[in-house]
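# Analysis of the macromolecular model
Residues per chain, in single letters:
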Amino acid sequence: MDVTIIGCGYVGLVTGVCLASLGHTVRGVEKDQRKLKTLQSGHCHIFEPGLQDLLNETLANGSISFTDNVKEAVKDAEVVFLCVGTPPKPDGTVDMSFLESAGKEVCDALSELKNDWLVTIIVKSTVPAGTNRKLYNFLKQQVPNAYYAVVSNPEFLKEGTAVQDCLNPDRIVVGGESPEAFRMMRRMYDPLVKREENFMTMNWESAELTKYAANSMLAARISFMNELTILCEYYGADIEDIRKGMGSDTRIGPAFLRAGCGYGGSCFPKDVAAMEHISKQAGYDNLFVRAIQTINENQKKRFAQKIADKLGRPIEGATIAVWGLAFKADTDDIRESASIDVIRMLVEKGAKVRAHDYKGAENMRAYLKDIADKIDWVADPVTAAAGADAIALCTDWPQYTTQPFRKIAATMNSPIIFDGRNCLHRDVMRENGFQYYPMGRPPVEKELRLKQRN
Ligand code: UDX
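What counts and what doesn't
Residues numbered from 1 in each chain as written. Predicted model: local features only at pLDDT ≥ 70, side-chain atom pairs only at ≥ 80, totals over all residues. Heavy atoms only, no water. Helix = DSSP H or I, 4+ residues; strand = E, 2+ residues; numbered from the N terminus. Rg over C-alpha atoms; globule rule 2.2 N^0.38 Å. Buried < 20%, exposed > 50% of the residue type's maximum accessible area, 1.4 Å probe, protein only. Contact = heavy atoms within 4.5 Å. Phe/Tyr/Trp six-rings, centres within 6.5 Å; stacked < 30°, edge-to-face > 60°. Lys NZ or Arg CZ within 6 Å of the ring centre and 35° of its normal. Near = heavy atom within 4 Å. Polar contact = N/O pair within 3.5 Å; in protein donor to acceptor, adjacent residues only side chain to side chain. Areas by Shrake-Rupley, 256 points an atom, 1.4 Å probe, with all protein chains shown as cover. Expected span 1.5 Å × (residues − 1). Domains from an automatic or database assignment. Buried area = accessible area lost by both parts, 1.4 Å probe. Salt bridge = Lys/Arg side-chain N within 4 Å of Asp/Glu carboxyl O. Pairing = 2+ DSSP bridges. Right-handed = clockwise from strand over helix to strand, strands pointing away. 1 Å grid on protein atoms, 1.4 Å probe; cavity = no way out; pocket = protein on both sides within 12 Å on 5 of 7 lines; lining within 4 Å. Points joined across faces, edges and corners; volume = space filled by probe spheres on them. Axes fitted to C-alpha atoms, helices over the stretch in contact; angles between N-to-C directions. Left-handed = near helix turned anticlockwise from the far one by under 90°. Nonpolar A, V, L, I, M, F, W, Y, C, P; charged D, E, K, R; others polar.

## Some words on the overall build of the protein
Across its full length, the protein carries 17 helices and 14 strands. Scaling as 2.2 N^0.38, a compact globule of 454 residues should have a C-alpha radius of gyration of about 22 Å, and the protein matches this with 24 Å. Summarising its shape, the C-alpha atoms of the protein cover approximately 80 × 50 × 40 Å along the three principal directions. By residue count, 54% of the 454 residues in the protein fall in the buried class. Put simply, 73% of the contacts in the protein that link residues at least 6 apart link residues at least 24 apart.

Structure follows, in structure tokens:
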């Protein structure tokens, strides 16, 4: 099929490249000239495992191309994805201006082209209930003679595994009112529909709410486990054993039950907050989603406070090596990363921070400009730890588990690790002479022999 993608940011590019790899003819529209040039010269402007290889392949066989010209891009299109930003406004509502202007540009082009087939306009962005209907009515009023339908098709891909997720979706949700558009969507996704019941059609509002509900439920599971770490630490239980014990109940399942120093990213914090907002608009106070957020904020505070409490010296003037800045492993994305709040709290308490990440350091450095003088940016975890009073691990990069811990312990001022992701092995920590504080798991504590400070 002929597919056009408006907006080659994260979701747009992954979707476009994956659809091209399935044999569709994809035209990507990108207005940012720097990004466009990068894509046209065959390079991804975002980091996502597997994406560059697939882009090389699809550019080479001509199934994908990039332009900044909407009219040219939609000339033969049967479906047009709108993958533009829908940022939250200060009052909590969603800024629809990018969606409206992209939709209008597409409809203007369609009305000039006067093609005799229905074009399905697909909204991928996560938007509050009612947005697709509003967009449809807005477009109908602005461009009454274009021949198109609007569907909501929420995206469930995760950063770091986006290509895999896109090519192996658990389900495909399509919301709208046009049976013809539903049929078109079914045809486009045919190679990905393994079982018919995994392709779901519903009305716009249900599709929109499905996305918010799914992300809120996943965030709720994490917050539930994070809250449980308080009980574990008080009673001497181990959250990892509880996770296994709970997760093996098939009604509960094992996913998204890993406790840590708080969830982050571009979706969970935004979508849970939006869920609270749309609940307010519906006239009630959604206590459940409020609790999810409060627990997440508290968890970050608890982590920073634990560092201050267990350091064995005043936090003021201490040096803390922060391992991990990205909001999770395998991405350079630092949006709403737990390490942002942890670093700010440590700095507020008077600590010096030595920060390391495998991909996210540059983004974090740009983001934390206001406290730049309190942070050293270090190229490897071993150097970050040398001379530090503790390590605070905030991102679950697998590389952190294979560090030369004995060597690291010998170079630290005091060998203490606060494991905010429960990804290190406590026996390894003990054997290598560390004092070790995970989240909701028994710590390794002993009398520390602090090195003499100069
Ligand atoms: C999420 C959703 O999973 C995806 O379906 C949606 O389309 C976008 O939002 P993403 O933000 O890429 O994806 O990352 P995800 O892997 O879900 O992790 C989000 C945050 O939760 C990370 O900070 C991660 O560290 C944290 N997390 C995840 C936990 O703390 N515990 C877990 O068990 C799982």
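## So, the packing of aromatic side chains
In the structure shown here, the tally under the stated rule is 11 aromatic pairs. Considering the side-chain rings of tyrosine 136 and tyrosine 148, the 6.2 Å spacing of their centres and the 65 degrees angle between planes classify their relative orientation as edge-to-face. One end of the pair, tyrosine 136, is in helix α6 (residues 131-142); the other, tyrosine 148, is in strand β6 (residues 148-152), and 12 residues separate them in sequence. Note on phenylalanine 418 and tyrosine 437: the rings are 5.2 Å apart at their centroids and 15 degrees apart in plane angle, and the pair reads as stacked. Of this pair, phenylalanine 418 sits in strand β13 (residues 416-419) while tyrosine 437 is found in strand β14 (residues 435-437), placing the two residues 19 residues apart along the sequence. Through successive ring pairs, a cluster of aromatic residues spans Trp323, Tyr358, Trp397, Tyr400, Phe405 and Phe434. When the ring centre of tyrosine 148 is taken as origin, the NZ or CZ atom of lysine 140, which lies over that ring, is 4.3 Å away. Over the face of the ring belonging to phenylalanine 47 we find lysine 359, whose NZ or CZ atom lies 4.4 Å from the ring centre.

## A closer look at the site of the ligand
The full set close to the ligand counts 18 residues, and Phe156, Leu157, Glu159, Arg258 and Lys328 are the nearest of them. Within the backbone of phenylalanine 156, one N or O atom sits 2.8 Å away from an oxygen atom of the ligand. In this structure, lysine 328 approaches the ligand through a side-chain N or O atom, which is 2.9 Å from an oxygen atom. Out of a free accessible area of 670 Å², the ligand has 94% covered by protein chains. Here the shell around the ligand takes 3 residues from helix α9 (residues 204-235), the largest share from any one element.

## Overview of helix α12 (residues 287-310)
In this model α12 runs 33 Å from its N-terminal to its C-terminal C-alpha over 24 residues, within 8% of the 34 Å that 1.5 Å per residue would give. Regarding α12, the residues found buried are Val289, Ile292, Gln293, Ile295, Asn296, Gln299, Lys300, Phe303, Ala304, Lys306, Ile307 and Ala308.

## Description of the domain arrangement of the protein
Taken domain by domain, the protein comprises domain 1 (2-202) and domain 2 (203-454). Computed over C-alpha atoms, the centres of domain 1 and domain 2 are 34 Å apart. Facing the 31 residues of domain 1 at the interface are 26 residues of domain 2. Summing the contributions of domain 1 and of domain 2, the shared interface buries around 2300 Å²; its carbon and sulfur component is 61%. When residues of domain 1 are sorted by the area they lose upon contact with domain 2, Phe47, Thr126 and Glu159 head the list and together hold 29% of the total. Counting the contacts that link domain 1 with domain 2 gives 2 salt bridges.

## Quick look at the pairing of β13
Both faces of β13 are covered, namely the face carrying Ile416 and Phe418 and the face carrying Ile417 and Asp419. As paired elements, strand β12 (residues 390-393) and β13 share 3 bridges and run parallel to each other. Counterpart to leucine 393 in the pairing with β13 is aspartate 419. Here β13 runs beside β14; their pairing, made up of 3 bridges, is parallel. In the sheet register, phenylalanine 418 faces β14, and the bridge partner there is tyrosine 437. In this region the chain leaves β13, passes through helix α17 (residues 426-431) and returns to the parallel neighbour β14; the handedness of that crossover is right-handed.

## Quick word on empty space enclosed by the protein
Counted by the stated rule, this structure contains 1 cavity of 30 Å³ or more. In this structure, the largest cavity occupies an estimated 40 Å³ of space. Lining the largest cavity we find Val123, Lys124, Ser125, Thr126, Val127, Ser152, Asn153, Pro154, Ala207, Glu208 and Lys211. Counting residues per element, the lining of the largest cavity draws most heavily on α9, at 3 residues.

## Structural notes on the environment of asparagine 115
By the secondary structure assignment, asparagine 115 is in the loop between α5 (97-113) and β5 (119-123). As a C-alpha pair, asparagine 115 and alanine 146 span 31 residues in sequence and 8.9 Å in three-dimensional space. For asparagine 115, the contacting residues outside a window of four places in its chain are Val74, Lys75 and Leu110. One polar contact links the side chain of asparagine 115 to the main-chain carbonyl oxygen of lysine 75, over a distance of 2.9 Å.

## Considerations on the packing of helix α11 (residues 268-281) against α12
Where α11 contacts α12, the axes come no closer than 9 Å and their chain directions differ by 145 degrees. Once α11 is placed against α12, the crossing between them reads as left-handed. In this structure, α11 contributes Val272, Ala273, Met275 and Glu276 to the contact, and α12 contributes Val289, Arg290, Ile292 and Gln293. Of the residues contributing to the contact of α11 with α12, the split by class is 5 nonpolar, 1 polar and 2 charged.

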